[in-house]
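Spelled out, the chains give:
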Amino acid sequence: MNSAGHSEATAPRGLELTPFRGLRYDPDRVGNLAAVTSPPYDVVVRPDGVHHLQSADPHNIVRLILPQATTPAERNAQAARTLRRWLSEGVLTTDSQPGLYVYEQRDGAGLLQRGVIGALRLSEPSEGVVLPHEDVIPHVVADRAALMRATSANLEPLLLTYRGDGAASATTEVVERLAEQPPLLATTTEDGYSHRLWSVTDPADVDRVQSDLARHQALIADGHHRWATYRRLRAEHPSPSPWDYGLVLLVDTARYPLRVRAIHRLLHGLPVADAVTALDGLFRVRRLEVPLAQGLESLADAAREGNAFLLAGDGAFHLIDRPDPNLLSRTVPAEHPAAWRTLDATVLHATLLDHVWHIPEDDPARITYIHDTAATVEKAERDSGTAVLMHPVREEVVRDLARQGVTMPRKSTSFGPKPASGLVLRALDR
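For clarity, every value in this text was computed on a predicted model and none was experimentally measured.

(A) Geometry of helix α5 (residues 138-151). With 14 residues, α5 ought to run about 20 Å at 1.5 Å a step, and its terminal C-alpha atoms sit 20 Å apart, in line with that. Listing the buried residues of α5 in full gives Val 140, Val 141, Arg 144, Ala 145, Leu 147, Met 148 and Thr 151. Seen along its axis, α5 keeps its buried residues to an arc of 165 degrees; they face one direction. Of the residues flanking the end of α5, it is Ser 152, one or two places downstream, whose phi is positive at about 50 degrees.

(B) Expanded view of empty space enclosed by the protein. Within this structure, the stated rule accounts for five cavities of 30 Å³ or more. Taken as a whole, the largest cavity holds about 110 Å³ of empty space. Lining of the largest cavity is provided by 14 residues; of these, Glu 134, Asp 222, Gly 223, His 224 and Lys 411 occupy positions nearest its centre. Elements with a minimum of two residues in the lining of the largest cavity: β11 (218-222) and α8 (224-236). Among the elements that make up the lining of the largest cavity, the one with the highest residue count is α8 (three residues). For the lining of the largest cavity, the class distribution of residues is three nonpolar, six polar and five charged.

(C) Here's a closer look at the pairing of strand β14 (residues 264-267). Every second residue of β14 is oriented toward a common face, with His 264 and Leu 266 on one face and Arg 265 and Leu 267 on the other, all of them buried. Both β14 and strand β18 (residues 367-370) contribute to a ladder of four bridges, which runs antiparallel. Each residue of the ladder has a partner; that of Leu 267, found in β18, is Ile 367. As defined by bridge partners, β14 adjoins strand β19 (residues 386-389) across three bridges and the pair is classed as antiparallel. Its bridge partner lying in β19, Leu 267 is registered against Thr 386.

(D) Layout of the sheet that holds strand β17 (residues 317-321). The antiparallel open sheet is built from six strands, whose spatial order is β15-β17-β16-β19-β14-β18. This sheet does not close on itself; its edge strands, each paired only once, are β15 (284-288) and β18. Going across the sheet, the axis of each strand differs from the next one's by a mean of 25 degrees, ignoring polarity. The sheet strands contacting helix α13 (residues 344-357) are β14, β16 (308-312), β17, β18 and β19, and the helix crosses β16 at an angle near 55 degrees.

What counts and how
Residues numbered from 1 in each chain as written. Predicted model: local features only at pLDDT ≥ 70, side-chain atom pairs only at ≥ 80, totals over all residues. Heavy atoms only, no water. Helix = DSSP H or I, 4+ residues; strand = E, 2+ residues; numbered from the N terminus. Expected span 1.5 Å × (residues − 1). Buried < 20%, exposed > 50% of the residue type's maximum accessible area, 1.4 Å probe, protein only. Arc of directions from axis to C-beta. 1 Å grid on protein atoms, 1.4 Å probe; cavity = no way out; pocket = protein on both sides within 12 Å on 5 of 7 lines; lining within 4 Å. Points joined across faces, edges and corners; volume = space filled by probe spheres on them. Nonpolar A, V, L, I, M, F, W, Y, C, P; charged D, E, K, R; others polar. Pairing = 2+ DSSP bridges. Axes fitted to C-alpha atoms, helices over the stretch in contact; angles between N-to-C directions. Contact = heavy atoms within 4.5 Å.

Here it is, written out as structure tokens:
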């Protein structure tokens, strides 16, 4: 392994990315590729988003990643039947030779992201090769594992980041050279993002990318539950097997920085008035009669001084900040580093959810995690619940904590742009 100046004996094994024969939609069978793609399963706001995507095209990937039926077992069986049917009908076809895939996303505001999709060797957290930074919700891992067992497929790639050598790296050279050539596919989705995909099949290029990545560790930017699912399913299959690897997109953020956004909370059954009343004497609360954009600006200003949140759901915004230090000392676990203890997500979960509002963080009947800010507010107002709007964490804070082996509270961050689901899949039984 290329150890970048470190001795072979002391250098840990790095990222091991392997080519695979991708499953891709046949454009002659589906016509509009944009109509069959979807955001990742956990970004689709159910049920509205599922119904919208299903109606966009009968072959939309949401029918595999979020099948709709009355029981979990039937949902998974339905997804498996759908996948088999699409394969037999030629809707999905297998690429003729294994390769890595260069993936590009652009928006209309100048953002450009490129990375490499491949099958990554799974590893234990103790190996320090792939660093998680968030806890996972057990029932979500169980749900994803059941779906992957039923379909024997990785239906959508995780998003992993690493800090490479930027423009000087061998991977960047391969990526940017291929990006000048005609792509395998190109489409623009309704969110305004354009997507292009190329295959990397030349053995010399594959070797350059693999040797370069072998020097690095990666941070899970998006897909903690799917990574935990990969690892669970690997343990169920004797090695060596295709289950030793999982589908990922690797992005060098030294070359292509990601955006880091917050994931918001929708609290069911807790009216805003009750949420605010419970904060009396514990946080400073200010009512803001302003538009959403201005409310988020006020949140950003307050977050520079300490923990701050924006509550919504009653037609106004309520900025809460300046928590009582004694409250924090009683409720935030002291055994973690200071950078973890002062995270907004830590204070939200340890102090507000557990101690003040008494809402279990893993009960889907009481709490929903939503990426879209406006959608969170709208749903809170419609359901008479409370939206808790968060301020995003900086990427360097996330990475530093992950390198210390410290996981953040679940759903603490949203890195993006996320890879569209439906552009390339990986079958484990073909």
